[in-house]
Amino acid sequence: MLFNSRYPTLNAKLFHQQSPVPLKGAKAGHFNAALADELQWNEQDKAAWVEICSGQTVFEQCPPLAMVYAGHQFGQWAGQLGDGRGVLIAQVLDRFGRTIDLHLKGAGLTPYSRMGDGRAVLRSVIREYLAGHALNALGIASSNAVGFTTSTQGVQRETLELGAMLLRTSDCHIRLGHFEWINQYAPELLTEFTQKCIEWHYPEALEAEHPVLAFAEGVIQKTAKMIADWQLVGFAHGVMNTDNLNITGSTLDFGPFGFMERFRPNWINNHSDHQGRYVYQNQPSIGHWNLWVWLNNLIPLAKEQDKEEFKQQLVSCLEAFEPAFLAYYTEGLCKKMGLPQFHHDSFDCGMAFLRILQSEQLDYTQSFLRLQQHDYTALRDDCLDIRQFDAFLQQYHQIREHQDIASLDQTMSEVNPVYILRNHMAQHAIEQAERGDFSEVERLFTLLASPFTRQPVLEREQDLAPLASDVPEVMVSCSS
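No experiment lies behind these values; they were computed from the predicted model shown. (Residues numbered from 1 in each chain as written. Predicted model: local features only at pLDDT ≥ 70, side-chain atom pairs only at ≥ 80, totals over all residues. Heavy atoms only, no water.)

(A) View of the overall build of the protein chain. Assigned secondary structure in the protein chain consists of 17 helices and 12 strands. A compact globule built from 480 residues would reach a C-alpha radius of gyration of about 23 Å, and the protein chain, at 23 Å, matches this within 12%. Dimensions along the principal axes, computed over C-alpha positions, put the protein chain at roughly 65 × 65 × 40 Å. Taking all 480 residues of the protein chain together, the buried fraction comes to 57%. (Helix = DSSP H or I, 4+ residues; strand = E, 2+ residues; numbered from the N terminus. Rg over C-alpha atoms; globule rule 2.2 N^0.38 Å. Buried < 20%, exposed > 50% of the residue type's maximum accessible area, 1.4 Å probe, protein only.)

(B) Looking closely at the packing of helix 10 (residues 321–337) against helix 15 (residues 405–415). Where helix 10 meets helix 15, the closest approach of the two axes is 7 Å, and the angle between their N-to-C directions is 110°. By the angle between their directions, the pair helix 10 and helix 15 is classed as roughly perpendicular. Across from Lys335, Lys336 and Met337 in helix 10, the residues of helix 15 making contact are Thr411, Met412 and Val415. Its residues assigned to classes, the contact of helix 10 with helix 15 comprises 3 nonpolar, 1 polar and 2 charged. (Axes fitted to C-alpha atoms, helices over the stretch in contact; angles between N-to-C directions. Parallel < 35°, antiparallel > 145°, perpendicular 65-115°, else oblique. Contact = heavy atoms within 4.5 Å. Nonpolar A, V, L, I, M, F, W, Y, C, P; charged D, E, K, R; others polar.)

(C) Spatial organisation of the layout of surface pockets. The space that makes up the second largest pocket amounts to roughly 680 Å³. Forming the boundary of the second largest pocket are 26 residues, of which Glu38, Arg98, Ile100, Asn136 and Ser142 lie nearest the centre. Every element with two or more residues in the lining of the second largest pocket is listed here: helix 1 (33–38), strand 7 (99–105), helix 4 (122–137), strand 10 (160–170) and helix 6 (190–201). Of the residues forming the lining of the second largest pocket, the biggest block, 3 residues, is contributed by helix 1. (1 Å grid on protein atoms, 1.4 Å probe; cavity = no way out; pocket = protein on both sides within 12 Å on 5 of 7 lines; lining within 4 Å. Points joined across faces, edges and corners; volume = space filled by probe spheres on them.)

(D) Structural detail: the pattern of salt bridges. Tallied over the entire structure, the rule returns 24 salt bridges. Close ionic contact of arginine 98 with glutamate 38 constitutes a salt bridge, the shortest N to O distance being 3.6 Å. With arginine 98 in the loop between strand 6 (86–93) and strand 7 and glutamate 38 in helix 1, the pair connects residues that are 60 residues apart, well separated along the chain. Residue class for arginine 98 comes out partly exposed when judged on its relative accessible area of 42%. According to the relative accessible area criterion, glutamate 38 is partly exposed, its value standing at 23%. The shortest N-O distance in the salt bridge between arginine 157 and aspartate 117 comes to 2.7 Å. Here arginine 157, found in the loop between strand 9 (144–156) and strand 10, pairs with aspartate 117, found in the loop between strand 7 and strand 8 (120–121); they are 40 residues apart in sequence, far enough to count as distant. By relative accessible area, which is 32% here, aspartate 117 ends up partly exposed. Where salt bridges share partners, they join Lys105, Glu128, Arg168, Arg175 and Asp253 into one cluster. (Salt bridge = Lys/Arg side-chain N within 4 Å of Asp/Glu carboxyl O.)

(E) Fine view of the UniProt feature "binding site: ATP" (unreviewed entry) in the protein chain. With numbering aligned to this structure, UniProt lists the feature "binding site: ATP" (unreviewed entry) at Gly82, Gly84, Arg85, Lys105, Asp117, Gly118, Arg168, Arg175 and Asp253. In this structure, arginine 175 sits in the loop between strand 10 and helix 5 (176–185). By relative accessible area, which is 2% here, arginine 175 ends up buried. Those residues in contact with arginine 175, other than ones at most four positions away along the chain, are Tyr69, Asp83, Arg168, Thr242, Asp243, Asn244, Leu245, Asn246, Ile247, Leu252 and Asp253. For aspartate 253, the location among the structural elements is in the loop between strand 11 (235–236) and strand 12 (258–259). Relative accessible area serves as the criterion here: at 13%, aspartate 253 is assigned to the buried category. Discounting residues that sit within four places of it in the chain, aspartate 253 has contacts with Arg168, Arg175, His237, Asp243 and Asn244. At 3.1 Å, the side chain of aspartate 253 and the side chain of arginine 168 are in polar contact. (UniProt positions renumbered as here; feature names shortened; annotations may be inferred. Polar contact = N/O pair within 3.5 Å; in protein donor to acceptor, adjacent residues only side chain to side chain.)

(F) Here's a closer look at the pairing of strand 7. Counting buried positions over the 7 residues of strand 7 gives 7, a clear majority of the element. Side chains Thr99, Asp101, His103 and Lys105 project from strand 7 onto one buried face, and the interleaved Ile100, Leu102 and Leu104 project onto a second face that is buried too. Across 7 bridges, strand 6 lies against strand 7 in antiparallel orientation. Of the residues in strand 7, the one forming a bridge with valine 92 is isoleucine 100. Turn length for the strand 6-strand 7 hairpin, with the two strands adjacent in sequence and antiparallel, is 5 residues, and the turn residue glycine 97 shows positive phi of about 85°. Relative to strand 10, strand 7 runs antiparallel, the two sharing 5 bridges. Across the sheet, aspartate 101 pairs through a bridge with serine 170, a residue of strand 10. (Pairing = 2+ DSSP bridges.)

(G) The arrangement of the side chain of glutamate 360 in detail. Topologically, glutamate 360 is positioned in helix 11 (residues 346–360). Here glutamate 360 occupies a buried position and makes no salt bridge, while the nearest side chain of opposite charge, arginine 387, is found at 10 Å. A polar contact of 2.9 Å, which involves the side chain of glutamate 360, links it to the backbone nitrogen of aspartate 385. Ignoring sequence-local partners within four residues, the contact set of glutamate 360 consists of Asp382, Cys383, Leu384, Asp385 and Gln388. (Lys, Arg positive; Asp, Glu negative; His and termini not counted.)

(H) Representation of the UniProt feature "binding site: Mg(2+)" (unreviewed entry) in the protein chain within the structure. Here, UniProt's "binding site: Mg(2+)" (unreviewed entry) annotation points to Asn244 and Asp253. Examined against the element boundaries, asparagine 244 turns out to sit in the loop between strand 11 and strand 12. A residue is classified by how much of its surface remains accessible, and asparagine 244, at 10% relative accessible area, is buried. For asparagine 244, the residues in contact, after removing those within four places along its chain, are Arg175, His237, Val239, Leu252 and Asp253.

(I) Here's a closer look at the environment of histidine 178. Along the chain, histidine 178 turns up in helix 5. In this structure the C-alpha to C-alpha distance between histidine 178 and leucine 467, which are 289 residues apart in sequence, comes to 40 Å. In this view, histidine 178 contacts Tyr7, Met67, Val68, Tyr69, His173 and Phe193; residues no more than four positions away in its chain are not counted. Polar side-chain contacts of histidine 178 include one of 2.9 Å to the backbone nitrogen of arginine 175.

So, in structure tokens, the structure goes:
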């Protein structure tokens, strides 16, 4: 590995140095060899992956540490939070020269554990491992993981479960909540911390007339892109607290996430979200709200005489979020639909299709595939309101008339996945893994690595459709 340890150079108030505490009887779960290659792991590193991914090995070049931050959870100020069970064990350069964090999850108690036990269980580790892998393969900015280990040690949740550790990778673990903590508890650090965030993650902003404003604009744009990408594949994060969004617009902190199956925009995939704050349809507005909270924490960077002007400039930055999100989403929806982006009716036609999916409760992923395959008869046969579908199809054909259909269809095949990580797929892999059999994790890992390509030898019937209507959905808990 080529180390680039930079977070430990920040003020010591921002973290607590400590080594991970290994679980008893650590053993191999699954290893992401392709990602290890991308991170420039040598053969010795790869041979020792179980020891690294179970907290038995640390690196003298990077003193391990737990970060402190704060946040708003479910819209309410939650005070000081932090890495309650995670430790940043290294920062390394990948083969593209980017600095990547190696963050060990389930690594034991830290000063920020609050009422937790510092551990993670195999169930949640497998879900995060597969979800990060799936999003990356879909081309969506996200954390990933080099591998995970299980153990013989029990961890108490609703029941006694197997303890596990995940070695998560991300381009950034600096959250919006870092700025909230600094403003509340160490405001003297804000200027230097912001400067480092710009140098490390938005160096192009240093050339701008107002680097902090350019930094804000960058975070807003990347967050808008990430959420648009989520919406396009039907991904619901489930817990969009300000401490769960980072400054680079890459997906972080998988809890009770879900890839939507039947198109229900108000589906509550987090059973602790009693008000439905974080449902799929709310994600763009929640992203906007989180950014508003974050921008308020940049106001102290203004010179006293320019404070009101700076506030207005930050407001102007935030005003770019909605049009940016809509632009990214519209472009993506047109690609999924095989419609020309320049046509004035393309977006309305896409919305008409989504209304059909919602009213008819059709599978989101499979419906776009049928459209891509021109299987209009199968789509129509699944609809109770035939007139609604026929009206849509007429408009759809009119817009595509005289267009380069082959090119539009090719684009559809590049953006409409055949496979997503359905909750029942993950659950089946978890149940087998809890019995010591990781073959289903391996099968799903391979399947989800090429989500746009049909894999008839590897796929199973349950990979392609939601559960039958008389079978209860898999309920996902916040506990992990």
